[in-house]
Amino acid sequence: MKAFEATRLFFNQAADQLDISEELREALLMPDREVQVQVTIRLDNGKLANFVGFRVQHDHSRGPMKGGLRYHTEVDLDETRALASLMTWKTAVVNLPYGGAKGGIGVDPNDLSRSEIERLTRAFVDQIHDIVGPDTDIPAPDMGTDHQVMSWFRNQWEKYHGFHPAVITGKPVEEYGAKGREEATGRGVGTLTNKLIRRLGMASEKTRVAIQGFGNVGSHAAKFLHEAQFPIVAVSDVTGTYYHQDGLNIPELLRHKIAHPKGLLEGFEHAEHLPLEALLKLDKLDVLIPAALGGVITTENAGSISAKVIIEAANGPVHPGADEMLHQKGVTILPDILANAGGVTVSYFEWVQNRQHYRWSLDRVRQELDHTMNQAFEDVWQMASQHNVSLRTAAYMIGIARVKRATELAGLA
Ligand code: NAD
(Lines give C-alpha, C1' and ligand atoms only; values in the text may rest on other atoms or scores of the structure.)
Protein backbone atom coordinates (compact mmCIF):
# COMPACT_ATOMS: atom_id res chain seq x y z
CA MET A 1 0.00 0.00 0.00
CA LYS A 2 1.29 3.45 -0.92
CA ALA A 3 1.93 6.01 1.81
CA PHE A 4 -0.92 8.38 0.94
CA GLU A 5 -3.42 5.50 0.79
CA ALA A 6 -2.35 4.51 4.32
CA THR A 7 -2.91 8.08 5.54
CA ARG A 8 -6.32 8.10 3.85
CA LEU A 9 -7.32 4.93 5.74
CA PHE A 10 -6.32 6.39 9.10
CA PHE A 11 -8.12 9.63 8.17
CA ASN A 12 -11.31 7.74 7.26
CA GLN A 13 -11.34 5.77 10.53
CA ALA A 14 -11.48 9.09 12.39
CA ALA A 15 -13.81 10.78 9.89
CA ASP A 16 -16.31 7.90 10.45
CA GLN A 17 -16.37 8.74 14.16
CA LEU A 18 -16.91 12.43 13.34
CA ASP A 19 -19.60 11.68 10.78
CA ILE A 20 -18.04 13.80 8.02
CA SER A 21 -19.64 13.75 4.56
CA GLU A 22 -17.81 12.19 1.59
CA GLU A 23 -17.44 15.52 -0.23
CA LEU A 24 -15.95 17.26 2.79
CA ARG A 25 -13.59 14.32 3.37
CA GLU A 26 -12.23 14.73 -0.13
CA ALA A 27 -11.86 18.50 0.33
CA LEU A 28 -9.98 18.01 3.60
CA LEU A 29 -7.80 15.20 2.35
CA MET A 30 -6.61 16.42 -1.06
CA PRO A 31 -3.60 18.78 -1.11
CA ASP A 32 -4.00 22.45 -2.04
CA ARG A 33 -0.98 22.41 -4.35
CA GLU A 34 1.66 19.96 -5.55
CA VAL A 35 4.85 21.11 -7.21
CA GLN A 36 7.44 18.91 -8.89
CA VAL A 37 10.67 20.45 -10.14
CA GLN A 38 13.87 19.40 -11.81
CA VAL A 39 17.00 20.16 -9.78
CA THR A 40 20.18 20.13 -11.84
CA ILE A 41 23.66 20.62 -10.40
CA ARG A 42 27.23 20.22 -11.52
CA LEU A 43 28.98 17.53 -9.49
CA ASP A 44 32.51 17.92 -8.12
CA ASN A 45 33.76 15.75 -11.02
CA GLY A 46 32.42 18.25 -13.56
CA LYS A 47 29.44 16.15 -14.73
CA LEU A 48 25.82 17.32 -14.62
CA ALA A 49 23.35 15.46 -12.37
CA ASN A 50 19.54 15.76 -12.40
CA PHE A 51 17.32 15.19 -9.40
CA VAL A 52 13.57 15.55 -8.84
CA GLY A 53 12.32 17.82 -6.06
CA PHE A 54 8.82 18.18 -4.60
CA ARG A 55 6.84 20.57 -2.43
CA VAL A 56 3.31 19.60 -1.47
CA GLN A 57 1.17 22.19 0.29
CA HIS A 58 -1.66 20.30 1.90
CA ASP A 59 -3.91 22.71 3.82
CA HIS A 60 -3.66 26.32 4.97
CA SER A 61 -6.98 26.83 6.73
CA ARG A 62 -5.34 27.15 10.19
CA GLY A 63 -2.37 29.27 9.08
CA PRO A 64 0.81 29.23 6.99
CA MET A 65 1.82 25.72 5.98
CA LYS A 66 4.68 24.02 7.77
CA GLY A 67 6.67 20.90 6.99
CA GLY A 68 10.13 19.42 6.60
CA LEU A 69 12.50 18.92 3.70
CA ARG A 70 13.65 15.36 3.17
CA TYR A 71 16.69 14.26 1.15
CA HIS A 72 16.32 10.52 0.61
CA THR A 73 16.24 8.08 -2.31
CA GLU A 74 12.61 7.11 -1.58
CA VAL A 75 11.25 10.66 -1.82
CA ASP A 76 8.49 10.79 -4.44
CA LEU A 77 5.20 12.60 -4.96
CA ASP A 78 3.07 10.03 -3.14
CA GLU A 79 5.27 9.96 -0.03
CA THR A 80 5.54 13.77 0.03
CA ARG A 81 1.76 14.07 -0.28
CA ALA A 82 1.24 11.65 2.63
CA LEU A 83 3.77 13.47 4.80
CA ALA A 84 2.24 16.87 3.96
CA SER A 85 -1.19 15.67 5.09
CA LEU A 86 0.29 14.27 8.32
CA MET A 87 1.65 17.77 9.00
CA THR A 88 -1.85 19.24 8.70
CA TRP A 89 -3.25 16.87 11.34
CA LYS A 90 -0.11 17.12 13.50
CA THR A 91 -0.05 20.91 13.72
CA ALA A 92 -3.76 20.79 14.57
CA VAL A 93 -3.33 18.12 17.28
CA VAL A 94 -0.76 20.26 19.11
CA ASN A 95 -2.85 23.32 18.28
CA LEU A 96 -0.25 25.39 16.43
CA PRO A 97 -1.53 28.14 14.09
CA TYR A 98 -0.29 26.29 11.01
CA GLY A 99 -1.36 24.11 8.12
CA GLY A 100 0.67 21.26 6.65
CA ALA A 101 3.25 20.89 3.87
CA LYS A 102 6.25 18.72 3.02
CA GLY A 103 9.04 18.68 0.49
CA GLY A 104 12.13 16.87 -0.53
CA ILE A 105 14.49 15.65 -3.18
CA GLY A 106 14.97 12.08 -4.36
CA VAL A 107 18.67 11.74 -3.58
CA ASP A 108 21.00 9.84 -1.26
CA PRO A 109 22.86 12.66 0.50
CA ASN A 110 25.59 10.17 1.47
CA ASP A 111 26.53 9.97 -2.22
CA LEU A 112 27.16 13.74 -2.42
CA SER A 113 29.90 15.95 -0.97
CA ARG A 114 28.90 18.87 1.29
CA SER A 115 29.47 21.36 -1.53
CA GLU A 116 27.28 19.27 -3.86
CA ILE A 117 24.52 19.25 -1.20
CA GLU A 118 24.88 23.03 -0.94
CA ARG A 119 24.51 23.44 -4.73
CA LEU A 120 21.55 21.03 -4.71
CA THR A 121 19.82 23.02 -1.95
CA ARG A 122 20.39 26.35 -3.68
CA ALA A 123 19.17 24.97 -7.03
CA PHE A 124 16.03 23.63 -5.32
CA VAL A 125 15.38 27.06 -3.76
CA ASP A 126 15.77 28.64 -7.22
CA GLN A 127 12.89 26.41 -8.37
CA ILE A 128 10.47 26.86 -5.43
CA HIS A 129 11.35 30.20 -3.80
CA ASP A 130 8.18 31.94 -4.96
CA ILE A 131 5.82 29.42 -3.31
CA VAL A 132 7.45 29.40 0.15
CA GLY A 133 7.74 32.28 2.62
CA PRO A 134 7.22 33.22 6.28
CA ASP A 135 3.49 33.80 5.79
CA THR A 136 2.79 31.01 3.30
CA ASP A 137 4.91 27.88 3.71
CA ILE A 138 7.83 27.42 6.09
CA PRO A 139 10.18 24.42 5.59
CA ALA A 140 12.26 22.73 8.31
CA PRO A 141 14.72 19.80 8.63
CA ASP A 142 13.70 16.18 8.13
CA MET A 143 15.55 13.00 7.15
CA GLY A 144 18.81 13.74 5.39
CA THR A 145 18.77 17.50 6.04
CA ASP A 146 20.17 19.50 8.96
CA HIS A 147 20.68 23.04 10.24
CA GLN A 148 23.40 23.69 7.65
CA VAL A 149 20.96 22.85 4.83
CA MET A 150 18.42 25.21 6.45
CA SER A 151 21.07 27.96 6.47
CA TRP A 152 21.86 27.50 2.76
CA PHE A 153 18.12 27.45 2.01
CA ARG A 154 17.53 30.71 3.88
CA ASN A 155 20.55 32.43 2.32
CA GLN A 156 19.42 31.51 -1.21
CA TRP A 157 15.77 32.47 -0.57
CA GLU A 158 16.83 35.86 0.84
CA LYS A 159 18.70 36.63 -2.38
CA TYR A 160 15.26 36.83 -4.02
CA HIS A 161 13.13 38.23 -1.20
CA GLY A 162 15.38 40.04 1.31
CA PHE A 163 15.92 39.47 5.04
CA HIS A 164 13.32 37.10 6.52
CA PRO A 165 14.85 34.44 8.80
CA ALA A 166 11.33 33.16 9.56
CA VAL A 167 11.19 31.65 6.04
CA ILE A 168 12.65 28.42 7.41
CA THR A 169 13.13 26.85 10.85
CA GLY A 170 15.71 24.48 12.28
CA LYS A 171 18.44 27.03 11.51
CA PRO A 172 21.76 27.10 13.42
CA VAL A 173 21.27 28.74 16.84
CA GLU A 174 23.83 31.47 16.03
CA GLU A 175 21.87 32.30 12.85
CA TYR A 176 18.35 32.91 14.13
CA GLY A 177 17.76 29.29 15.14
CA ALA A 178 15.98 28.43 18.40
CA LYS A 179 17.80 26.92 21.31
CA GLY A 180 16.43 23.42 21.81
CA ARG A 181 15.17 22.92 18.21
CA GLU A 182 17.66 20.19 17.40
CA GLU A 183 16.70 18.07 20.42
CA ALA A 184 12.99 18.95 20.25
CA THR A 185 11.53 15.96 18.40
CA GLY A 186 13.53 13.46 20.46
CA ARG A 187 12.72 15.31 23.67
CA GLY A 188 9.01 15.30 22.84
CA VAL A 189 9.22 11.56 22.06
CA GLY A 190 10.95 11.00 25.41
CA THR A 191 8.50 13.13 27.37
CA LEU A 192 5.48 11.32 25.96
CA THR A 193 7.06 7.86 26.26
CA ASN A 194 7.60 8.56 29.95
CA LYS A 195 4.07 9.84 30.36
CA LEU A 196 2.43 6.94 28.52
CA ILE A 197 4.47 4.31 30.41
CA ARG A 198 3.37 5.76 33.75
CA ARG A 199 -0.24 5.99 32.56
CA LEU A 200 -0.07 2.28 31.70
CA GLY A 201 1.28 1.49 35.19
CA MET A 202 4.81 0.58 34.06
CA ALA A 203 8.06 1.73 35.73
CA SER A 204 10.82 3.35 33.65
CA GLU A 205 13.69 1.32 35.19
CA LYS A 206 11.99 -1.92 34.14
CA THR A 207 10.92 -0.79 30.68
CA ARG A 208 13.20 -2.25 27.99
CA VAL A 209 13.39 0.03 24.95
CA ALA A 210 14.63 -0.47 21.37
CA ILE A 211 15.07 2.46 18.96
CA GLN A 212 15.24 2.07 15.18
CA GLY A 213 17.31 4.93 13.74
CA PHE A 214 19.99 6.90 15.55
CA GLY A 215 19.82 10.19 13.66
CA ASN A 216 18.48 13.46 15.00
CA VAL A 217 15.28 12.03 16.48
CA GLY A 218 16.49 8.58 17.60
CA SER A 219 19.68 9.81 19.28
CA HIS A 220 17.96 12.61 21.21
CA ALA A 221 15.13 10.30 22.28
CA ALA A 222 17.77 7.79 23.46
CA LYS A 223 19.58 10.48 25.46
CA PHE A 224 16.38 11.67 27.11
CA LEU A 225 15.14 8.16 27.96
CA HIS A 226 18.56 7.08 29.23
CA GLU A 227 18.55 10.09 31.58
CA ALA A 228 15.05 9.05 32.71
CA GLN A 229 16.48 5.61 33.71
CA PHE A 230 15.01 3.53 30.87
CA PRO A 231 17.25 0.59 29.86
CA ILE A 232 17.77 0.99 26.09
CA VAL A 233 18.73 -2.50 24.99
CA ALA A 234 19.02 -1.88 21.24
CA VAL A 235 19.48 0.88 18.72
CA SER A 236 20.05 0.68 14.98
CA ASP A 237 21.16 2.82 12.07
CA VAL A 238 21.95 1.98 8.43
CA THR A 239 25.02 0.01 9.60
CA GLY A 240 23.04 -2.51 11.69
CA THR A 241 21.56 -3.18 15.13
CA TYR A 242 23.58 -2.68 18.34
CA TYR A 243 22.32 -4.73 21.28
CA HIS A 244 23.11 -5.18 24.97
CA GLN A 245 20.72 -7.20 27.09
CA ASP A 246 21.36 -5.08 30.23
CA GLY A 247 21.04 -1.76 28.41
CA LEU A 248 23.46 0.08 26.12
CA ASN A 249 25.84 2.77 27.31
CA ILE A 250 24.05 5.63 25.53
CA PRO A 251 26.58 8.42 26.33
CA GLU A 252 29.31 6.22 24.80
CA LEU A 253 27.17 5.57 21.70
CA LEU A 254 26.54 9.30 21.33
CA ARG A 255 30.29 10.03 21.58
CA HIS A 256 30.94 7.35 18.95
CA LYS A 257 28.36 8.89 16.61
CA ILE A 258 29.82 12.38 17.00
CA ALA A 259 33.35 11.11 16.31
CA HIS A 260 32.31 9.12 13.19
CA PRO A 261 32.81 11.16 9.98
CA LYS A 262 29.26 10.33 8.80
CA GLY A 263 27.61 10.22 12.23
CA LEU A 264 27.17 6.43 12.11
CA LEU A 265 27.42 3.67 14.75
CA GLU A 266 29.67 1.55 12.54
CA GLY A 267 32.58 0.11 14.54
CA PHE A 268 30.94 0.52 17.97
CA GLU A 269 32.48 -2.28 20.01
CA HIS A 270 30.68 -2.33 23.35
CA ALA A 271 27.55 -4.05 22.02
CA GLU A 272 26.53 -7.12 20.07
CA HIS A 273 26.34 -6.23 16.38
CA LEU A 274 23.22 -7.76 14.78
CA PRO A 275 21.70 -7.40 11.30
CA LEU A 276 19.50 -4.38 10.57
CA GLU A 277 16.22 -6.33 10.58
CA ALA A 278 16.99 -7.96 13.98
CA LEU A 279 15.79 -4.91 15.91
CA LEU A 280 12.12 -5.45 15.11
CA LYS A 281 12.34 -9.13 16.07
CA LEU A 282 13.98 -8.78 19.49
CA ASP A 283 12.13 -10.57 22.26
CA LYS A 284 11.35 -9.23 25.75
CA LEU A 285 10.96 -5.63 24.58
CA ASP A 286 8.53 -3.31 26.30
CA VAL A 287 8.78 -0.26 24.06
CA LEU A 288 9.70 -0.07 20.39
CA ILE A 289 10.49 3.34 18.93
CA PRO A 290 10.73 3.43 15.13
CA ALA A 291 12.70 6.64 14.45
CA ALA A 292 13.88 6.16 10.86
CA LEU A 293 11.81 5.44 7.77
CA GLY A 294 8.08 5.14 7.17
CA GLY A 295 6.34 1.84 6.36
CA VAL A 296 8.72 -0.38 8.35
CA ILE A 297 6.11 -2.28 10.40
CA THR A 298 3.96 -4.38 8.09
CA THR A 299 1.58 -7.35 8.31
CA GLU A 300 4.62 -9.56 7.60
CA ASN A 301 6.67 -8.51 10.62
CA ALA A 302 4.02 -7.21 13.08
CA GLY A 303 3.52 -10.73 14.47
CA SER A 304 7.13 -10.95 15.65
CA ILE A 305 7.09 -7.66 17.58
CA SER A 306 7.36 -8.35 21.32
CA ALA A 307 6.88 -4.76 22.54
CA LYS A 308 3.65 -3.80 24.33
CA VAL A 309 4.04 -0.15 23.35
CA ILE A 310 5.10 1.45 20.05
CA ILE A 311 6.03 5.12 19.95
CA GLU A 312 5.93 6.44 16.38
CA ALA A 313 8.88 8.82 16.35
CA ALA A 314 9.17 8.38 12.57
CA ASN A 315 6.37 9.50 10.27
CA GLY A 316 4.10 6.68 9.11
CA PRO A 317 6.16 3.71 10.39
CA VAL A 318 3.15 1.37 10.87
CA HIS A 319 1.05 0.18 7.90
CA PRO A 320 -2.74 0.18 8.47
CA GLY A 321 -2.92 -3.67 8.29
CA ALA A 322 -0.18 -3.98 10.90
CA ASP A 323 -1.88 -1.29 12.99
CA GLU A 324 -5.00 -3.45 13.15
CA MET A 325 -3.01 -6.62 14.00
CA LEU A 326 -1.12 -4.85 16.78
CA HIS A 327 -4.32 -3.32 18.13
CA GLN A 328 -5.86 -6.82 18.32
CA LYS A 329 -2.73 -8.03 20.19
CA GLY A 330 -3.27 -5.26 22.77
CA VAL A 331 -0.25 -3.18 21.72
CA THR A 332 -0.62 0.52 22.53
CA ILE A 333 0.57 2.78 19.69
CA LEU A 334 1.33 6.44 20.28
CA PRO A 335 0.75 7.87 16.78
CA ASP A 336 3.25 9.95 14.81
CA ILE A 337 1.01 13.02 14.61
CA LEU A 338 1.28 13.29 18.40
CA ALA A 339 4.54 11.48 19.28
CA ASN A 340 6.90 13.41 16.99
CA ALA A 341 5.17 16.81 17.15
CA GLY A 342 7.92 18.25 19.39
CA GLY A 343 9.95 19.27 16.34
CA VAL A 344 7.25 21.35 14.69
CA THR A 345 6.34 22.81 18.09
CA VAL A 346 9.82 24.24 18.64
CA SER A 347 9.93 25.23 14.97
CA TYR A 348 6.88 27.33 15.78
CA PHE A 349 8.73 28.87 18.75
CA GLU A 350 11.65 29.65 16.41
CA TRP A 351 9.32 31.32 13.90
CA VAL A 352 7.72 33.37 16.71
CA GLN A 353 11.14 34.49 17.97
CA ASN A 354 12.28 35.42 14.44
CA ARG A 355 9.19 37.51 13.89
CA GLN A 356 9.59 39.28 17.24
CA HIS A 357 13.39 39.66 16.93
CA TYR A 358 13.60 38.20 20.41
CA ARG A 359 15.44 35.18 21.82
CA TRP A 360 14.07 32.71 24.32
CA SER A 361 16.26 30.84 26.81
CA LEU A 362 16.64 27.07 26.51
CA ASP A 363 14.69 26.69 29.77
CA ARG A 364 11.76 28.60 28.34
CA VAL A 365 11.76 26.56 25.11
CA ARG A 366 11.82 23.29 27.06
CA GLN A 367 9.14 24.43 29.48
CA GLU A 368 6.78 25.53 26.69
CA LEU A 369 7.50 22.38 24.66
CA ASP A 370 6.76 20.12 27.63
CA HIS A 371 3.56 22.06 28.29
CA THR A 372 2.38 21.80 24.67
CA MET A 373 3.17 18.07 24.41
CA ASN A 374 1.55 17.25 27.76
CA GLN A 375 -1.59 19.18 26.85
CA ALA A 376 -1.88 17.45 23.47
CA PHE A 377 -1.36 14.05 25.12
CA GLU A 378 -4.14 14.74 27.63
CA ASP A 379 -6.50 15.88 24.84
CA VAL A 380 -5.83 12.71 22.84
CA TRP A 381 -6.05 10.41 25.89
CA GLN A 382 -9.37 11.93 26.87
CA MET A 383 -10.79 11.66 23.33
CA ALA A 384 -9.69 8.00 23.14
CA SER A 385 -11.32 7.18 26.50
CA GLN A 386 -14.54 9.06 25.69
CA HIS A 387 -15.06 7.37 22.32
CA ASN A 388 -13.37 4.05 23.09
CA VAL A 389 -11.03 4.39 20.10
CA SER A 390 -7.27 3.96 19.64
CA LEU A 391 -4.89 6.83 20.41
CA ARG A 392 -4.31 7.16 16.65
CA THR A 393 -8.00 7.54 15.82
CA ALA A 394 -8.39 9.97 18.74
CA ALA A 395 -5.46 12.11 17.54
CA TYR A 396 -6.84 12.19 13.99
CA MET A 397 -10.30 13.08 15.33
CA ILE A 398 -8.87 16.11 17.15
CA GLY A 399 -6.77 17.18 14.17
CA ILE A 400 -9.54 16.75 11.62
CA ALA A 401 -12.18 18.45 13.79
CA ARG A 402 -9.93 21.53 14.23
CA VAL A 403 -9.17 21.77 10.50
CA LYS A 404 -12.84 21.23 9.65
CA ARG A 405 -13.83 24.03 12.03
CA ALA A 406 -11.30 26.44 10.48
CA THR A 407 -12.55 25.50 7.01
CA GLU A 408 -16.13 26.17 8.10
CA LEU A 409 -15.23 29.51 9.72
CA ALA A 410 -13.55 30.58 6.48
CA GLY A 411 -16.89 29.97 4.80
CA LEU A 412 -15.68 27.14 2.62
CA ALA A 413 -17.74 24.28 3.99
P1 NAD B 1 18.05 11.54 10.27
O2 NAD B 1 18.42 11.56 8.83
O3 NAD B 1 18.73 12.47 11.20
O4 NAD B 1 18.28 10.05 10.86
C5 NAD B 1 17.74 8.90 10.29
C6 NAD B 1 18.37 7.70 10.98
O7 NAD B 1 17.75 6.50 10.51
C8 NAD B 1 19.87 7.53 10.71
O9 NAD B 1 20.49 7.08 11.92
C10 NAD B 1 19.89 6.41 9.67
O11 NAD B 1 21.14 5.71 9.69
C12 NAD B 1 18.75 5.58 10.16
N13 NAD B 1 18.19 4.64 9.19
C14 NAD B 1 17.88 4.84 7.89
N15 NAD B 1 17.39 3.71 7.36
C16 NAD B 1 17.35 2.80 8.37
C17 NAD B 1 16.94 1.44 8.46
N18 NAD B 1 16.43 0.80 7.40
N19 NAD B 1 17.05 0.81 9.66
C20 NAD B 1 17.54 1.46 10.73
N21 NAD B 1 17.95 2.74 10.70
C22 NAD B 1 17.87 3.38 9.52
O23 NAD B 1 16.48 11.72 10.30
P24 NAD B 1 15.58 12.28 11.51
O25 NAD B 1 15.46 13.75 11.35
O26 NAD B 1 16.07 11.69 12.79
O27 NAD B 1 14.15 11.67 11.12
C28 NAD B 1 13.80 10.34 11.46
C29 NAD B 1 12.29 10.17 11.33
O30 NAD B 1 11.64 11.10 12.21
C31 NAD B 1 11.71 10.45 9.94
O32 NAD B 1 10.62 9.61 9.71
C33 NAD B 1 11.23 11.90 10.05
O34 NAD B 1 10.20 12.20 9.13
C35 NAD B 1 10.71 11.90 11.48
N36 NAD B 1 10.63 13.24 12.06
C37 NAD B 1 11.73 14.03 12.15
C38 NAD B 1 11.61 15.29 12.75
C39 NAD B 1 12.83 16.18 12.97
O40 NAD B 1 12.67 17.20 13.66
N41 NAD B 1 14.00 15.85 12.46
C42 NAD B 1 10.37 15.74 13.20
C43 NAD B 1 9.26 14.90 13.09
C44 NAD B 1 9.41 13.65 12.52
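Residues numbered from 1 in each chain as written. Predicted model: local features only at pLDDT ≥ 70, side-chain atom pairs only at ≥ 80, totals over all residues. Heavy atoms only, no water.

**Q** Can you tell me about the nonpolar core, naming the residues and giving the values?
**A** In terms of nonpolar packing, the biggest core is built from 81 residues, with W89, V235, I289, I311, L334 and Y396 touching the most fellow members. Once residues lying within four places of it in the same chain are set aside, the contact partners of I311 are V189, T193, L196, V287, L288, I289, P290, L334 and A339. Membership of the second largest hydrophobic core comes to 27 residues, among which are V35, F51, Y71 and I131. (Core = buried A, V, L, I, M, F, W, Y, C linked by side-chain atoms within 4.5 Å. Buried < 20%, exposed > 50% of the residue type's maximum accessible area, 1.4 Å probe, protein only. Contact = heavy atoms within 4.5 Å.)

**Q** Run through the sheet that holds strand 8 (residues 240-243), naming residues and quoting values.
**A** Hydrogen bonding along the main chain pairs the strands of a sheet, whether they run parallel or antiparallel. Pairing in this open sheet of seven strands is mixed, and the strands run 9-8-7-6-10-11-12 from one edge to the other. Looking at strand neighbours, the two that pair on one side only are strand 9 (272-274) and strand 12 (332-334), the edges of this open sheet. Strand-to-strand twist in this sheet, taken as the mean axis angle between neighbours without regard to direction, amounts to 15°. Of the pairings in the sheet, the one linking strand 11 (residues 309-311) to strand 12 comprises three bridges and is parallel in character. Bridge pairing in strand 12 links I311 to L334. (Pairing = 2+ DSSP bridges. Helix = DSSP H or I, 4+ residues; strand = E, 2+ residues; numbered from the N terminus. Axes fitted to C-alpha atoms, helices over the stretch in contact; angles between N-to-C directions.)

**Q** Before we move on, can you summarise the pattern of salt bridges with the specific residues and values?
**A** Taken as a whole, this structure holds 27 salt bridges when the rule is applied. The closest approach of N and O atoms between E175 and R154, which form a salt bridge, is 3.4 Å. Residue E175 is found in the loop between helix 5 (147-161) and helix 6 (181-199), and its partner R154 is found in helix 5; the two are separated by 21 residues along the sequence. One salt-bridge network, in which partners are shared between bridges, spans R70, E79, K102 and D142. (Salt bridge = Lys/Arg side-chain N within 4 Å of Asp/Glu carboxyl O.)

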